[in-house]
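Residue strings, one per chain:
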Amino acid sequence: MNIVVLMKQVPDTWAERKLDPSDNTLDREASDAVINEIDEYAIEEGLRLKEAHGGEVTVLTMGPQRATESIRKALSMGADKGVHVVDDALHGSCAITTAKVLAKALGTLDYDLVVAGVEATDSRLSVVPALVAEATGLPQLTGARKVTADGSTITIERVSDSGYDVIQASTPAVLSVVEKINDPRYPSFKGIMAAKSKPVQTVSLADLGIAPDEVGLAAATTTVESFEVAPPRSAGTVVKDEGQGGVAIADFLASKKLI
Amino acid sequence: MAEVLVLVDSANGTLKKSATELLTAARSLGEPSAVVIGAPGTAEALAGQLAEFGAAKVYVAESDDFGSYLVAPKAEVLARIAGQASPAAILVASTPENKEIAARTAFKLDSGFLADAVELAEDGTATQSIFGGAVSVKSKAKGTPVISLRANSVAASPQTGAAEQVSVELSLSEAAKGAKIVDRVSEAKSSRPSLQDASVIVSGGRGVGSADNFKVVEQVADALGAAVGASRAATDAGWVPHTMQVGQTGVTVAPQLYVALGISGAIQHRAGMQTSKTIVAVNKDNEAPIFELADFGVVGDLFTVAPQLAEEVSKRKG
Ligand SMILES: Cc1cc2nc3c(=O)[nH]c(=O)nc-3n(C[C@H](O)[C@H](O)[C@H](O)COP(=O)(O)OP(=O)(O)OC[C@H]3O[C@@H](n4cnc5c(N)ncnc54)[C@H](O)[C@@H]3O)c2cc1C
Ligand SMILES: Nc1ncnc2c1ncn2[C@@H]1O[C@H](COP(=O)(O)O)[C@@H](O)[C@H]1O
């Protein structure tokens, strides 16, 4: 089973994240960049499916030049090759454009299953996998906490608001996973060495037959008109419980008219 | 006045609170039209409530297929209705499924999708809170804006509407039937308010220690009329169902009051609760990061502080 994992590089959530005032887009230079945490679970699930059923794992990302570092990390975990869509014209692309570009890139690959994370920590949209399903016309299997593959049938447990739903589709399909699905492995020393010689293909918009004016900030379906840095949450009162802690909270709630 | 399509969620013949909020919010953009997508009979049961919250029209798309396939059929129908109604905007409540429906609808309409708005302006500009509440942005979408609104962003208020029913032609593409729902499993359901809708939430973490001890969290919740939430440590341990997980990969909430008991405040937990209006924390470790967010914190043992709080609240409520 050939698998393509959709991996996004994001600013480290522990670092300060900023918008660039010149065009109101995310300043991707301002902070350390890491693999979107849940995408590590997607990579792990891809590797487990490959280990069980054979095939290859390809990591596909659309992002700036420095996203190659994250592709290398995925290769050191055990993925076989990387495809990096990189083009200056992509800066400021919206989710819908991102999905269209990823779908075009998928069109150049041979796969049975696309595995994504459920949500990127920078956009917090949780819609790109559904949009990739829309753009490719493939079945959408999103929000999986468990995946089983039996021949060409994929079955997932999708988290719902009252429990979970069991959803089934035939390959090829688009899957997204939540963090409950597995525990991602750490790259081994051997994996890190092997990653250095694994192929990473760089793909431009021209390679995908996409015109620069179809993507990027100008073509975005959503635009940020303005932004404001919220005043930092001022540190509140912290008291030590000396027998009256519960009463102190009740007093506080009453002062805020919350009880 | 242009129509504003509102995808209304319901359960057991009752509108969800989020649907009444959306119908209220829609009035500032135009004339609200409810869209009911579900099993046959759904719209009939909701008719009275939709009229009470100002729906001028009710688009009725009913078929058992909607319960059999994931997301894609609903997006297809919503886009078809939008194609006919040319609405000023389409509103949905911010749940994972609705966001997927909304995004796929926007894709089909060649329009923009704005996620998790906390405020809407008359011209369709949405205010969103990003980076865990550190930055607030105003965004616009091209075409027919498709917007998901966070729970508790507006207060629902009734207004009479004609709720004239319009039935929608149903013909789903084969592609929309790719992902089949073969089973729905419900995990423990409580009589408390749902996390998505609640205006007060009391959550417990690893510090609670066991399933049995969660009683302590529930007591505080019941005294405050609150929903019960949990950190991932508590859901992973199996003390409470995972549907109660608050955080990055759980439910994102922004209640009036969030009480965290025995929760350290890991970044993934904060991502789901840090835009709560007021935050109270009880933790025995005075260096727990949750205190950086708390408006009021008590350093102490939750097993003494929480029962005292529950008792004190009940007493004051008389
Ligand atoms: C990809 C990913 C996604 C994640 N998504 C989520 C998510 O959606 N939601 C989420 O919550 N987590 C999530 N996590 C997990 C998160 O990183 C933390 O591990 C988790 O939130 C910790 O839960 P906790 O605060 O209950 O436990 P701990 O961090 O162990 O904290 C327990 C706290 O209880 C205190 N305590 C212990 N006993 C008492 C007592 N008797 N009285 C008072 N205080 C006491 C301790 O001092 C401690 O601060 C995610 C992690 C990853 C990697
Ligand atoms: N630029 C991108 N390149 C590759 N994968 C992406 C990209 N953006 C989003 N994804 C995938 O889509 C998931 C959800 O992202 P989002 O919808 O932005 O929250 C991520 O976890 C990734 O798997």
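Please read all numbers here as calculations on a predicted model, not as lab measurements.

Draft legend 1. Main features of the site of ligand 2. All names here are of chain A. Close contacts around ligand 2 come from 21 residues, with Leu6, Asp39, Ala120, Ser123 and Val128 the closest. Gly117 has a polar backbone atom sitting 2.9 Å from an oxygen atom of ligand 2. In this structure, an oxygen atom belonging to ligand 2 sits 3.4 Å away from a main-chain N or O atom of Leu125. Contributions of two or more residues to the shell around ligand 2 are made by strand E6 (57–62), helix H3 (95–107), strand E8 (113–117) and helix H4 (128–136). Considering only residue class, the shell around ligand 2 consists of 12 nonpolar, 6 polar and 3 charged.

Draft legend 2. Here's a closer look at helix H2 (residues 67–77) of chain A. Within the span of H2 of chain A, buried status applies to Ala67, Ser70, Ile71, Ala74, Leu75, Ser76 and Met77 of chain A. Following H2 of chain A by one or two positions, Gly78 of chain A has its phi on the positive side, about 135°.

Draft legend 3. Spotlight on the pairing of strand E8 (residues 126–130) of chain B. Residues and elements named next belong to chain B. Sheet analysis places strand E7 (residues 113–120) next to E8, joined by 3 bridges and oriented antiparallel. Pairing of Ala117 across the sheet is with Gln128, part of E8. Taken together, E7 and the strand that follows it, E8, pair antiparallel across an intervening segment of 5 residues, in which Gly124 is found at a positive phi of about 90°. Connecting E8 to the antiparallel partner strand E9 (residues 135–141) that follows it, the hairpin turn spans 4 residues, and Phe131 within it adopts a positive phi of roughly 50°.

Draft legend 4. Examining the side chain of Asp39 of chain A more closely. All names here are of chain A. By the element assignment, Asp39 lies in helix H1 (residues 37–53). Buried charge Asp39 goes without a salt bridge, the closest partner of opposite sign being Lys8 at 8.0 Å. Within the structure, Asp39 has its side chain in polar contact with the backbone nitrogen of Gly117 (distance 3.4 Å).

Draft legend 5. Representation of the sheet that holds strand E16 (residues 278–283) of chain B in the model. Here we have 6 strands laid out as an open sheet, ordered E15(A)-E17(B)-E16(B)-E15(B)-E13(B)-E14(B), and parallel in their pairing. At either margin of the open sheet sits one strand with a lone partner, and together these are strand E15 (237–240) of chain A together with strand E14 (227–230) of chain B. Neighbour to neighbour, the strand axes of the sheet diverge by 15° on average, direction disregarded. With 4 bridges joining them, E15 of chain A and strand E17 (residues 296–299) of chain B adopt parallel strand pairing.

Draft legend 6. Spotlight on a nonpolar patch on the surface. Together, Phe189, Ile192 and Met193 of chain A make up an exposed nonpolar region whose accessible area comes to about 330 Å². Structurally, Ile192 of chain A can be placed in helix H5 (residues 189–195).

Draft legend 7. Molecular detail of the environment of Val202 of chain B. All names here are of chain B. Among the secondary structure elements, Val202 is positioned in strand E13 (residues 200–204). Each C-alpha atom, one on Val202 and one on Gln256, is 11 Å from the other, the two residues being 54 residues apart in sequence. Excluding residues within four positions of it along the chain, Val202 makes contact with Val217, Val220, Ala221, Leu224, Ala226, Ala227, Val228, Gly229, Val259 and Leu261.

Draft legend 8. Examining the interface of chain A and chain B more closely. Across the boundary between the two partners, chain A contributes 78 residues, which contact 81 residues of chain B. Carbon and sulfur atoms supply 57% of the area buried between chain A and chain B, which totals about 6,700 Å² over both sides. At the junction of chain A with chain B, the criterion picks out 8 salt bridges. Asp236 of chain B is paired through a salt bridge with Lys180 of chain A; the nearest N and O atoms lie 3.0 Å apart. Viewed at the interface, chain B and chain A are joined by 39 residue pairs in polar contact (both at pLDDT 80 or more). Looking at the side of chain A that touches chain B element by element, the count peaks at 10 residues for helix H8 (residues 245–255) of chain A. The residue makeup of the side of chain A that touches chain B, split by class, is 38 nonpolar, 20 polar and 20 charged.

Draft legend 9. Representation of the environment of Ala266 of chain B within the structure. Residue and element names in this part refer to chain B. Within the fold, Ala266 resides in the loop between strand E15 (257–261) and helix H7 (267–270). Under the relative-accessibility criterion, Ala266 is labelled partly exposed at 34%. Separated by 22 residues in the primary sequence, Ala266 and Ala288 place their C-alpha atoms 9.0 Å from one another.

Draft legend 10. View of the site of ligand 1. Neighbouring ligand 1 are 29 residues, the closest being Arg206, Ser231, Ser264, Gln268 and Asn283 of chain B. In this structure, ligand 1 is bordered by residues of chains A and B. Between ligand 1 and the protein, one listed contact pairs an oxygen atom with a backbone N or O atom of Arg232 of chain B at 2.9 Å. Elements with a minimum of two residues in the shell around ligand 1: H1 of chain A together with helix H6 (232–236), H7 and helix H8 (302–317) of chain B. Considering every element that reaches the shell around ligand 1, the biggest residue donor is H1 of chain A, with 3 residues. Its residues assigned to classes, the shell around ligand 1 shows 8 nonpolar, 14 polar and 7 charged.

Draft legend 11. Inspection of the confidence of the model for chain B at higher detail. Within chain B, residue pLDDT values average 95, and 99% of them lie at 70 or more. The ipTM assigned to the predicted complex is 0.93, against a pTM of 0.93.

Draft legend 12. Spotlight on the sheet that holds E8 of chain B. In space, the 10 strands of this open sheet follow the order E14(A)-E9(B)-E8(B)-E7(B)-E10(B)-E6(B)-E1(B)-E4(B)-E5(B)-E11(B), with mixed pairing throughout. The open sheet has two free edges, formed respectively by strand E14 (222–229) of chain A together with strand E11 (164–167) of chain B, since each of these has just one partner strand. Ignoring strand direction, the axes of neighbouring strands in this sheet form an average angle of 35°. Bridging between E7 of chain B and strand E10 (residues 146–149) of chain B involves 3 bridges; their strand directions are parallel. Bridging across to E10 of chain B, Leu114 of chain B finds its partner in Ile147 of chain B.

Reading guide: rules and limits
Residues numbered from 1 in each chain as written. Chains lettered and ligands numbered in written order. Predicted model: local features only at pLDDT ≥ 70, side-chain atom pairs only at ≥ 80, totals over all residues. Heavy atoms only, no water. Near = heavy atom within 4 Å. Polar contact = N/O pair within 3.5 Å; in protein donor to acceptor, adjacent residues only side chain to side chain. Helix = DSSP H or I, 4+ residues; strand = E, 2+ residues; numbered from the N terminus. Nonpolar A, V, L, I, M, F, W, Y, C, P; charged D, E, K, R; others polar. Buried < 20%, exposed > 50% of the residue type's maximum accessible area, 1.4 Å probe, protein only. Pairing = 2+ DSSP bridges. Lys, Arg positive; Asp, Glu negative; His and termini not counted. Salt bridge = Lys/Arg side-chain N within 4 Å of Asp/Glu carboxyl O. Axes fitted to C-alpha atoms, helices over the stretch in contact; angles between N-to-C directions. Patch = residues over 30% accessible without salt bridge, like charges linked within 9 Å, V, L, I, M, F, W, Y side chains within 5 Å. Areas by Shrake-Rupley, 256 points an atom, 1.4 Å probe, with all protein chains shown as cover. Contact = heavy atoms within 4.5 Å. Buried area = accessible area lost by both parts, 1.4 Å probe. pLDDT = per-residue confidence, 0-100.

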